[in-house]
Amino acid sequence: MKVYFIGAGPGDPELLTLKAVRIIEKCPVILYTGSLVPKEVFNLYARKDAEIYDTASMTLEEIMDKILYAYNKNLDVARIHTGDPTIYGAIAEQIRELEKKQIDYEIIPGVSSFTAAACSLKKELTLPELTQTIIITRMEGRTPMPEKEKLKDLAKHESTLVLFLSINLLPKIVEELIPILGEDFPIAIVYKASTSEEEILTGTLGNIVEKWKQTKIRSQSIIIISKVLEAKDFAASRLYDKNFFHKFRKRLV
Ligand code: SAH
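Residues numbered from 1 in each chain as written. Predicted model: local features only at pLDDT ≥ 70, side-chain atom pairs only at ≥ 80, totals over all residues. Heavy atoms only, no water.

### Overview of the overall build of the chain
Spelled out, the test is: Secondary structure follows DSSP: runs of H or I at least 4 residues long count as helices, runs of E at least 2 residues long count as strands, and numbering of each begins at the N terminus. A 1.4 Å probe rolled over the protein chains alone gives each residue an accessible area, and that area as a share of the maximum for its type sets the label: buried under 20%, exposed over 50%, partly exposed in between. A contact between two residues is defined here by any heavy atoms of the two lying within 4.5 Å. We get accessible surface area from the Shrake-Rupley algorithm with a probe of 1.4 Å; when it comes to residues, only the shown protein chains can shield them. Charged-residue counts in this description rest on Lys and Arg as positive and Asp and Glu as negative, His and the chain ends being excluded. Throughout, a charge is located at the NZ atom of Lys, the CZ atom of Arg, the CG atom of Asp or the CD atom of Glu.
The secondary structure content of the chain amounts to 8 helices and 10 strands. Each principal axis of the C-alpha distribution contributes one length, and for the chain these read about 60 × 60 × 35 Å. Expressed as a percentage of its 253 residues, the buried residues of the chain come to 42%. In the chain, once contacts between residues fewer than 6 apart in sequence are set aside, the share between residues at least 24 apart is 68%. A total of about 14,300 Å² of accessible surface is found on the chain, and carbon and sulfur atoms cover 51% of it. Distance from the positive charge centre (35 side chains) to the negative charge centre (35 side chains) of the chain: 4 Å.

In structure tokens:
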């Protein structure tokens, strides 16, 4: 018996990995985060006789009860999470319980919603000489941020900032960032990236709140704040530079 933590990707059923599909196909018990993963994403692949539970309203104890029930019957469990399970997946506390009980588990990566959002925006998040760093974070809300990770401090790097779980704090984000990055700094919001309900909103720190207030976007969004969103005059990567040689393209002399 094994518990498989599976990244189900951002919502498009075609963005599951082959490995995820193969595991879902064989698991008799499926637990999924219904608040973020629509059943349609995996239903197609689930066994007809699979027991399927939505964990959205469950506590950690209730989730563990379901896993223990499967363990006692020697049934494999597909534990389906949104995006990639290692990013804001709340898998660590489940893993801690599994380890206490010596229950075997494996983690299957998924396409994170932040890369899906960048793809929807048709942007590369790392541009040579502009920024080579992506900071993945969230705005402080009910979950406090570690002292050294305040948004204001992270923003000073002027790297690509990716914010999860923060769309309803947009006015506060903007208020904190304008003194550091300026009113004209580019920002983009992608709601339900990769799904049929996807919406994109772009602007600057100075105008995004007004634009956002006119939309209904209040959940499930990725916020990207970065110069790469506007950059037109950037340096090309050295990887394909005709004067730059490397292991796969050697100088012919
Ligand atoms: N593990 C997930 C993140 C889970 S936290 C991942 O890698 O994507 C939940 C947050 O993820 C949401 O509040 C939202 O910020 C983001 N999110 C999840 N699915 C999304 C989607 N399809 N489009 C935009 N943001 C999404």
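On we go.
### What about unusual backbone geometry?
Even without glycine at this site, Leu165 takes up a positive phi of about 55°. Tracing the backbone through its elements, the reader meets Leu165 in the loop between strand 7 (160-164) and helix 7 (170-181). Positive phi is not limited to glycine here, since Lys192 has a value of about 45°. Mapped onto the elements of the fold, Lys192 is located in the loop between strand 8 (186-191) and strand 9 (199-204).

### Quick word on helix 5 (residues 113-121)
Within helix 5, the full set of buried residues consists of Phe114, Ala116, Ala117, Ala118 and Leu121. Looking at the residues trailing helix 5, positive phi occurs at Lys122, about 60°.

### Details of the environment of Lys48
Topologically, Lys48 is positioned in the loop between helix 2 (40-43) and strand 3 (51-54). The exposed category is assigned to Lys48, whose relative accessible area is 86%. For the pair Lys48 and Glu230, spaced 182 residues apart in the sequence, the C-alpha separation amounts to 48 Å.

### Topic: the environment of Ile173
Within the secondary structure, Ile173 is located in helix 7. For Ile173, a relative accessible area of 0% puts it in the buried group. For the pair Ile173 and Val209, spaced 36 residues apart in sequence, the C-alpha separation works out to 9.8 Å. Contacts of Ile173, omitting those with residues within four sequence positions, involve Met139, Leu151, Leu163, Ser166, Ile223 and Ile225.

### Quick look at the site of the ligand
Let me state the cut-off plainly: A single heavy atom is enough: if one lies within 4 Å of a molecule or strand, its residue is considered near that molecule or strand. Contacts described as polar in this section are N or O atom pairs within 3.5 Å, which, within protein, must combine one atom able to donate a hydrogen with one able to accept it, while residues neighboring in sequence count only if both atoms come from side chains. Any residue with an atom within 4 Å of a point lines the site, the site being either a cavity, points on a 1 Å grid over the protein atoms alone where a 1.4 Å probe fits but cannot get out, or a pocket, an open set with protein on both sides within 12 Å along at least 5 of 7 lines. Think of it this way: if more than half of a molecule's atoms are within 2 Å of a pocket's grid points, that molecule is in the pocket or cavity. Each residue receives one of three labels: charged for Asp, Glu, Lys and Arg, nonpolar for Ala, Val, Leu, Ile, Met, Phe, Trp, Tyr, Cys and Pro, and polar for the others, Gly being one of them. What marks off one domain from the next here is an automatic or database domain assignment.
For the ligand, the set of nearby residues contains 17 residues, the closest of which are Asp84, Ile87, Ser113, Ala193 and Ser221. Backbone polar atom of Pro10 to a nitrogen atom of the ligand: 2.8 Å apart, as the coordinates give it. Between the ligand and Ser113 there is a distance of 2.6 Å, counted from an oxygen atom to a side-chain nitrogen or oxygen. Expressed as a share of its isolated accessible area of 540 Å², the protein-covered part of the ligand is 96%. Given that more than half its atoms are within 2 Å of the pocket grid, the ligand belongs to the largest pocket. Each residue belonging to the shell around the ligand can be placed in one class, and the counts come to 9 nonpolar, 6 polar and 2 charged. Both domain 1 (3-108) and domain 2 (113-229) contribute no fewer than three residues apiece to the shell around the ligand.

Structural measurements only, silent on function.
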